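A look at the structure
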Amino acid sequence: PLFPVTKTRHQSSHRMVIYERPEFGGRTMELTDDCPSLNERFHFSDINSCNAMDGNWIFYEHPSYRGRQYLVRPGEYRRFNEWGSSSSQVGSIRRIALYN
């Protein structure tokens, strides 16, 4: 038998604080949901450090979830190169669920 495929919102919590400057400095914003355009929502698009308290996230190089992708697992990232990027430019952010 075939079963219908439905999109369900995962119940896991997601929480992250992003920082404009390295070492958790400058302006800060807290995220608990997806953000298709960092610049439109927060009026800046450079993230130099972050603290992912809950959940896994994907940073995208460009708005609308386009460009290079960087997996951000729970933890503290003092500089953008710690999540594997060569630039502090982040255009959008999406929550993800990882299943092992």
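Anyway, here's the lowdown on the structure attached to this text. (Residues numbered from 1 in each chain as written. Predicted model: local features only at pLDDT ≥ 70, side-chain atom pairs only at ≥ 80, totals over all residues. Heavy atoms only, no water.)

Attention shifts here to the overall build of the chain. Across its full length, the chain carries one helix and seven strands. Listing each helix as α and each strand as β along the chain from the N terminus yields β-β-α-β-β-β-β-β. Counting only residues that meet the buried cut, the chain has 38% of its 100 residues in that class. The long-range fraction of contacts in the chain, counting pairs at least 24 apart against all pairs at least 6 apart in sequence, stands at 65%. Looking at the chain as shown, the accessible area adds up to about 6,400 Å², and 46% of this sits on carbon and sulfur atoms. (Helix = DSSP H or I, 4+ residues; strand = E, 2+ residues; numbered from the N terminus. Buried < 20%, exposed > 50% of the residue type's maximum accessible area, 1.4 Å probe, protein only. Contact = heavy atoms within 4.5 Å. Areas by Shrake-Rupley, 256 points an atom, 1.4 Å probe, with all protein chains shown as cover.)

This part covers the pattern of salt bridges. Under the defined criterion, the tally for this structure stands at eight salt bridges. Its salt-bridge partner being Arg41, residue Asp33 comes within 3.0 Å of it at the nearest N-O pair. Owing to a relative accessible area of 36%, Arg41 belongs among the partly exposed residues under this scheme. Across the pair Glu76 and Arg78 runs a salt bridge whose closest N-O atoms are separated by 3.8 Å. Accessibility expressed as a relative area gives 35% for Arg78, which makes it partly exposed. Overlapping salt bridges bring together Glu23, Glu76, Arg78 and Arg79 as one network. (Salt bridge = Lys/Arg side-chain N within 4 Å of Asp/Glu carboxyl O.)

Summarising the element assignment, Arg66 is placed in strand E5 (residues 66–72). With 30 residues separating them in the primary sequence, Arg66 and Pro36 have C-alpha atoms 9.5 Å apart. Among all residues touching Arg66, those that are not within four sequence positions of it are Tyr60, Glu61 and Ser92. Looking at Arg66, its side chain comes within polar contact range of the main-chain oxygen of Pro63, at 3.3 Å. (Polar contact = N/O pair within 3.5 Å; in protein donor to acceptor, adjacent residues only side chain to side chain.)

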